[in-house]
Amino acid sequence: MKVIERLEEYIPIIFLFILFIVLIVQTFFRYVLSNSLLWPEEIARYAFIALVYFGSGVSAREGRHLEISVSKTLLGEKIRRILVVLTSVITTGYCILMTIWGFDMAMFVKESQQVSASIPIPTYIFYLCIPIGMIWMAIRTITFGKKDLRAHHTTEDIPII
């Protein structure tokens, strides 16, 4: 399991690094050499999209998605447990819908044989970040929800955002 967690953390870091390097290259060419390149903006956009979708699983695993913790704190343990189940179900449902939609969209783009404008890579490859990231976020939302339900929080243990 540690290997999966490490991989899960390194993939967004790799995309962040790509984004950073590509933007540095584009900035150098644009402002120092006065010669903008075509490909860095497109790669940066795709790296950012991949970073968001792959990073969402890490956020879900650690329970770092935005939530209103005050309601969990003030309404007691029973309501907190109901809210954990409710938010986990809604989030997982959304992730499953996004997985289906994202996969359908990627397959539509694949069938249309679209190629990226400035780099010779089929565009559907970039669209696959959506279903992969969303299914991973769904899995991590379920595992975090189970872990949160098993934990016996007191009101001092729950962080207030």
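Please refer to the structure placed before this passage.
Reading the values: rules and limits
Residues numbered from 1 in each chain as written. Predicted model: local features only at pLDDT ≥ 70, side-chain atom pairs only at ≥ 80, totals over all residues. Heavy atoms only, no water. Helix = DSSP H or I, 4+ residues; strand = E, 2+ residues; numbered from the N terminus. Expected span 1.5 Å × (residues − 1). Buried < 20%, exposed > 50% of the residue type's maximum accessible area, 1.4 Å probe, protein only. Patch = residues over 30% accessible without salt bridge, like charges linked within 9 Å, V, L, I, M, F, W, Y side chains within 5 Å. Areas by Shrake-Rupley, 256 points an atom, 1.4 Å probe, with all protein chains shown as cover. Salt bridge = Lys/Arg side-chain N within 4 Å of Asp/Glu carboxyl O. Contact = heavy atoms within 4.5 Å.

1. Re helix α6 (residues 129–150)
Every α-helical turn comprises 3.6 residues, leaving residues that sit three or four positions apart pointing alike.
(1) Moving on: The terminal C-alpha atoms of α6, which comprises 22 residues, lie 31 Å apart, in line with the 32 Å expected from a rise of 1.5 Å per residue.
(2) Moving on: Taken as a whole, α6 has its buried residues at Cys129, Ile130, Pro131, Gly133, Met134, Met137, Ala138, Arg140, Thr141, Gly145 and Asp148.

2. Here we look at a nonpolar patch on the surface
(1) Moving on: A cluster of nonpolar side chains, Tyr10, Ile13, Ile14 and Ile18, forms an exposed patch at the surface whose accessible area comes to about 360 Å².
(2) Moving on: When you line up the elements, Ile14 lands in helix α1 (residues 2–32).
(3) Moving on: The class of Ile14 is partly exposed, set by a relative accessible area of 47%.

3. Description of unusual backbone geometry
(1) Moving on: A positive phi angle, close to 50°, is found at Ser34, a residue other than glycine.
(2) Moving on: Within the secondary structure, Ser34 is located in the loop between α1 and α2 (39–61).
(3) Moving on: In this structure Ser34 comes out as exposed when scored by relative accessible area, which is 63%.
(4) Moving on: Despite not being glycine, Gln113 shows a phi value in the positive range, around 55°.
(5) Moving on: Looking at where Gln113 falls in the secondary structure, it is placed in the loop between α4 (76–111) and α5 (124–127).

4. Looking at the side chain of Arg140
(1) Moving on: Structurally, the position occupied by Arg140 is in helix α6.
(2) Moving on: For Arg140, a relative accessible area of 6% corresponds to the buried category.
(3) Moving on: Look past the residues within four positions of Arg140 in its chain and what remains in contact with it is Ile4, Glu5, Glu8, Gly57, Ala60 and Arg61.

5. Description of the pattern of salt bridges
(1) Moving on: Per the stated rule, a full pass over the model turns up 4 salt bridges.
(2) Moving on: The salt bridge involving Glu8 is made with Arg140; its shortest N-O contact spans 3.0 Å. A residue pair is termed long-range when its members are at least 10 positions apart, and Glu8 in helix α1 and Arg140 in helix α6 qualify at 132 residues. With respect to class, Glu8 is no different from Arg140; both count as buried.
(3) Moving on: Salt-bridge contacts for Glu41 lead to Arg30; the nearest nitrogen and oxygen are separated by 2.7 Å. Pair noted here: Glu41 is in helix α2 and Arg30 is in helix α1, with a separation of 11 residues, a long-range link.

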